[in-house]
Protein chains: 2
Amino acid sequence: MGEPKPSDFRLEEVAIPQPGPGEVLLRTKFLSLDPYMRGRMSDAPSYAKPVGIDEVMEGGTVSEVVASNNDKFAKGDIVLGHTGWQTHALSKGGGLRKLDANAAPVSTALGVLGMPGMTAYTGLLEIGQPKEGETVVVSAASGAVGSVVGQIARIKGARAVGIAGGSDKCRYVKDELGFDACVDHRASDFADQLKATCPKGADVYFENVGVPVFDAVLPLFNTFARIPVCGLIATIQHDRAAARPDRLPLLMRNVLTKRLTIRGFIVYDFAARHGDFLRDVAAWIKEGHQVPRRYRRGAGERACDLHGPAQGQEFRKTTCSDRGVDS
Amino acid sequence: MGEPKPSDFRLEEVAIPQPGPGEVLLRTKFLSLDPYMRGRMSDAPSYAKPVGIDEVMEGGTVSEVVASNNDKFAKGDIVLGHTGWQTHALSKGGGLRKLDANAAPVSTALGVLGMPGMTAYTGLLEIGQPKEGETVVVSAASGAVGSVVGQIARIKGARAVGIAGGSDKCRYVKDELGFDACVDHRASDFADQLKATCPKGADVYFENVGVPVFDAVLPLFNTFARIPVCGLIATIQHDRAAARPDRLPLLMRNVLTKRLTIRGFIVYDFAARHGDFLRDVAAWIKEGHQVPRRYRRGAGERACDLHGPAQGQEFRKTTCSDRGVDS
């Protein structure tokens, strides 16, 4: 799994097209850059097709309608779509959803009110089921998902303890996202710090990273603790970890004696909860609970402003020119 | 954890007592010998008090009322109680439950209609949730719990694959309990046999034993498989297993990519389901689904007949004379 390089992509400038019958011309305002995109750059079998060579890289977007030949959309409408890494796009309207800028900042449709927010909402509430007074531990707490998990945990009356890499991220998690505490997993005494930060143990652990952070959380689990497994960013280190003594029997003994629930999920498993999610999180934002942020590099917000040139000028399109980075 | 020896116990013969006011005299018909008893012989901290030195060893029993000074019980009534390892006992009636011999053989109150049956029923239905056409794999399939798990799985329309130690047990599981298949975990090609026996993978794995059987089941899990963790008999081998490479990251990757649910439980967690359990399992026995058995050494039935001497004669009482077997 190599890292993508600039030479794997090509930036093209082409004339802005005019919308045909039934079409709208969209100008991208926000693009969500998400971990799943790395998978789309690989031919390895997965739950979705890869992006083809010379195709525009895909991605969720918030766009403004700048010209419309479609009765359902008017010039000035703001829409959620999936138009990819480009400043402008044509659409017949399929898959577009109109956004209400008065309900919430439109960029949130890619963050707290979008796929990352729904991942946090469903994983925490369907599997984690935090109760008042419980302790919810979240790894990758400054990330798009983790940041929302901790905030919803607090809304539900639980204590939110974040885990993040570095003091800057931890400060952000605690001071700006409002977690009760955050522990830096890079600290040499990380496990001791985490234990001291969870004097009543852990009732929920929202797993985003995997080994070795999990090792520090395992001894803290209370009876009936729930562990939604959302991601395992760190399992790229799997081979190194595998050289250690086997901890599977230790885990299973904890599962039995503490009656733990460990459950993996992806957001699409809970598609039926989308309406509940939009209703609840929009209400929480209105009440001032949520902290939707932009442009916080390395600190949870992936929406980036893509103000393109004015209509009629040249515009830029990023295509995936070489998908072979890990073939 | 040493094994109990005959010299840890003392067999006493005393005169059969006469019931006082409000008391009944019980004659033990069946005694359930259960794994938990080993814990009661140890002073180690646990969820229940140990049996004291010189006290009668405890145990669930089915008894006949042979004399009664209690309005609630008549001579000839059959009752479920917890009178321990003795042929006769006095009781004021507290904790006794009258059994209906027409509803099911009374020994089943200690087996399929008792604690082992309830463990199987709740673990399988609350956590395993088998659906029609799915494959349910059960370890310790000839045991008091496993034998019921497989039979309920079949009642729910699933395919029941047992795992047991030795060809005799496997024959019993398949031919007498009616499982679709049974694989001997002592076979050198056990993992290959299990895979061949589960051509559509495993949707539920009822875990009674732990490593190393779990290793053979892990690769077979289908997406959304459920793993109720009921027991880990084999984790006595934990130290040996721990010397192997770490498989915790492998497990967690499977949890995420296959969206597995792993959940530990003990029967008391589902106490609220006791009424449902009695109703359903009694109905299944009436319909001829269940195979309540007695006296099948090493093959699932723990009730043993304790026909004592006639009333008025001497009777035998087993006391725990030395609890120091693992102190």
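Scope of this entry: the structure provided in the associated data block. Model, not experiment: these values are computed from the prediction. (Residues numbered from 1 in each chain as written. Chains lettered and ligands numbered in written order. Predicted model: local features only at pLDDT ≥ 70, side-chain atom pairs only at ≥ 80, totals over all residues. Heavy atoms only, no water.)

A count of helices and strands for chain A gives 9 helices and 14 strands. Of all intrachain contacts in chain A linking residues separated by at least 6 positions in sequence, the fraction that spans at least 24 positions is 71%. A total accessible area of about 14,700 Å² is found for chain A, and carbon and sulfur atoms account for 52% of it. (Helix = DSSP H or I, 4+ residues; strand = E, 2+ residues; numbered from the N terminus. Contact = heavy atoms within 4.5 Å. Areas by Shrake-Rupley, 256 points an atom, 1.4 Å probe, with all protein chains shown as cover.)

Counting across every chain of the model gives 14 aromatic pairs over all chains. Aromatic pair Phe9(A) and Trp85(A): ring centres 5.4 Å apart, planes at 25°, arrangement stacked. Remark: Trp85(A) occurs in the loop between β4 (78-81) and β5 (88-91) and Phe9(A) occurs in strand β1 (residues 9-15); sequence separation between them is 76 residues. Ring centres 5.8 Å apart and planes at 50° place the aromatic pair Phe265(B) and Phe270(B) in the tilted group. (Phe/Tyr/Trp six-rings, centres within 6.5 Å; stacked < 30°, edge-to-face > 60°.)

Here the focus is the pairing of strand β12 (residues 261-264) of chain B. Across 3 bridges, the pairing between strand β12 (residues 261-264) of chain A and β12(B) is antiparallel. The residue bridging Thr261(A) from the neighbouring strand is Arg263(B), located in β12(B). Summarising the sheet, strand β11 (residues 221-229) of chain B and β12(B) pair through 4 bridges and their orientation is parallel. In the strand pairing of β12(B), Val229(B) is matched with Gly264(B). (Pairing = 2+ DSSP bridges.)

What follows deals with the sheet that holds strand β9 (residues 181-184) of chain B. Paired through their backbone hydrogen bonds, the strands of a sheet run either parallel or antiparallel. Taken in spatial order, the 12 strands make up an open sheet running β9(A)-β8(A)-β7(A)-β10(A)-β11(A)-β12(A)-β12(B)-β11(B)-β10(B)-β7(B)-β8(B)-β9(B), and their pairing is mixed. Of all the strands in the sheet, just β9 (181-184) of chain A together with β9 of chain B have a single pairing partner and so form its edges. Sheet twist, expressed as the mean angle between neighbouring strand axes with direction ignored, is 15°. Here strand β8 (residues 159-164) of chain A pairs with β9(A) via 4 bridges, running parallel. (Axes fitted to C-alpha atoms, helices over the stretch in contact; angles between N-to-C directions.)

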